[in-house]
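Residue-level structural notes
The lines below spell out each chain.
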Amino acid sequence: MSFNRGELVVGADAAGKRIDVYLSETGNAHSRSAAARLVEDGHVLVDGTAVRKSHILEVGERVAVNVPLSEECDLIPEDIPLDIRYEDEHMIVLSKQAGLVVHPAYGNWTGTLVHALLAHCGGGLGTLQGDDRPGIVHRLDKDTTGLMMVAKSDAVQAALSELIKVRAIDRRYLALVHGYIAPDSGLIDAPLGRDSKDRMRMAVVESPGSRQAVTTFRVLERFMAARDDDGYTLVECKLYTGRTHQIRVHMAYTHHPVVGDQLYGRRKPRADKGLSRQFLHAYRLSLDHPVTGESLEFLDPLPADLAAVLAAIKPDSMGVTDAGEETFRALSSKNPGSMG
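Right, let's walk through the structure included here. (Residues numbered from 1 in each chain as written. Predicted model: local features only at pLDDT ≥ 70, side-chain atom pairs only at ≥ 80, totals over all residues. Heavy atoms only, no water.)

Our next topic: empty space enclosed by the protein. Tallying each qualifying case throughout the model produces one cavity of 30 Å³ or more. Roughly 40 Å³ of internal volume is contained in the largest cavity. Lining the largest cavity, in full, are H138, L140, L147, R171, R172, Y173, A282, R284 and L285. Taken together, the elements giving at least two residues each to the lining of the largest cavity come down to β8 (170–178) and β14 (280–288). Considered class by class, the residues forming the lining of the largest cavity number five nonpolar, one polar and three charged. (1 Å grid on protein atoms, 1.4 Å probe; cavity = no way out; pocket = protein on both sides within 12 Å on 5 of 7 lines; lining within 4 Å. Points joined across faces, edges and corners; volume = space filled by probe spheres on them. Helix = DSSP H or I, 4+ residues; strand = E, 2+ residues; numbered from the N terminus. Nonpolar A, V, L, I, M, F, W, Y, C, P; charged D, E, K, R; others polar.)

Turning our eyes to something else, we now look at the pattern of salt bridges. This model, assessed by the stated rule, comprises 19 salt bridges. When the shortest N-O distance is used, the salt bridge between D300 and R85 registers 3.0 Å. Within this pair, whereas D300 is found in the loop between β15 (295–299) and α7 (304–313), its partner R85 is found in strand β5 (residues 83–87), the two being separated by 215 residues in sequence. Close ionic contact of R277 with D305 constitutes a salt bridge, the shortest N to O distance being 2.8 Å. With R277 in the loop between α6 (246–253) and β14 and D305 in helix α7, this pair connects stretches of sequence that are 28 residues apart. (Salt bridge = Lys/Arg side-chain N within 4 Å of Asp/Glu carboxyl O.)

See the structure below:
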């Protein structure tokens, strides 16, 4: 049986609650009765020990939840619109919209990209990533937009995963970050692991459980500071590893958090230009087709909400770099009038 696994740390707001109530309120079960069944069946541990459903939580307790997919996650196809940029009998390249979770997980058992893919493909998807992730090769965060690959068979799924592993796929993102970045380019090589104080966050940590994470960036355009902010820098980020929240954590680590980032950012509405999601967009994807060998390159202009933010600060531009001219020219040729 396959499981979705997760760990929660009890905060002051949850202390004194029954564990079944807590699990249902945090979205780790559909209902209180479903949460009670998980506890009774031994799928929930508190500080490593099985408890009763009437267990009263205390601050700092660690709650490990193992949700059986067969009970909590019925993968029923759903008619959710997909913005497909390329498709053949082997793979799909699509542009994921904001707010769409890639695969079922705690609190998001339906309405995911996986459910949409099942409806579109009729079940013909790679299965190597698990029962709950058919076709998935790599992920984007819920509120990150842009280009993603999907595999229609196990062989293609394995091949694409290997290409990512050996860094043969070029994945680039556009990010608007707070502050002025002086160098035109840079490399961030800082290992990532779970934040010891908040298990929902990742952090730069030096520990046995951390994993190498490497991001490079090029500055595309800089913007002057104003009364409500300390200026902005538009950067292109390139991933050499694919860790959870990698760009968001790395940019925050350099004291230039992504604008609009509600988890790692400054969360000041005026400085975030009203964005309630991170200004992060997977705009470029280049690879050799894993079956035909054809050279493929895709460019995806900014979605409307991010383009509007960039247009709003354009009067404060301090100039476009050579890398910016190159990027804007490529995007404009793909979609005349974009980012101009």
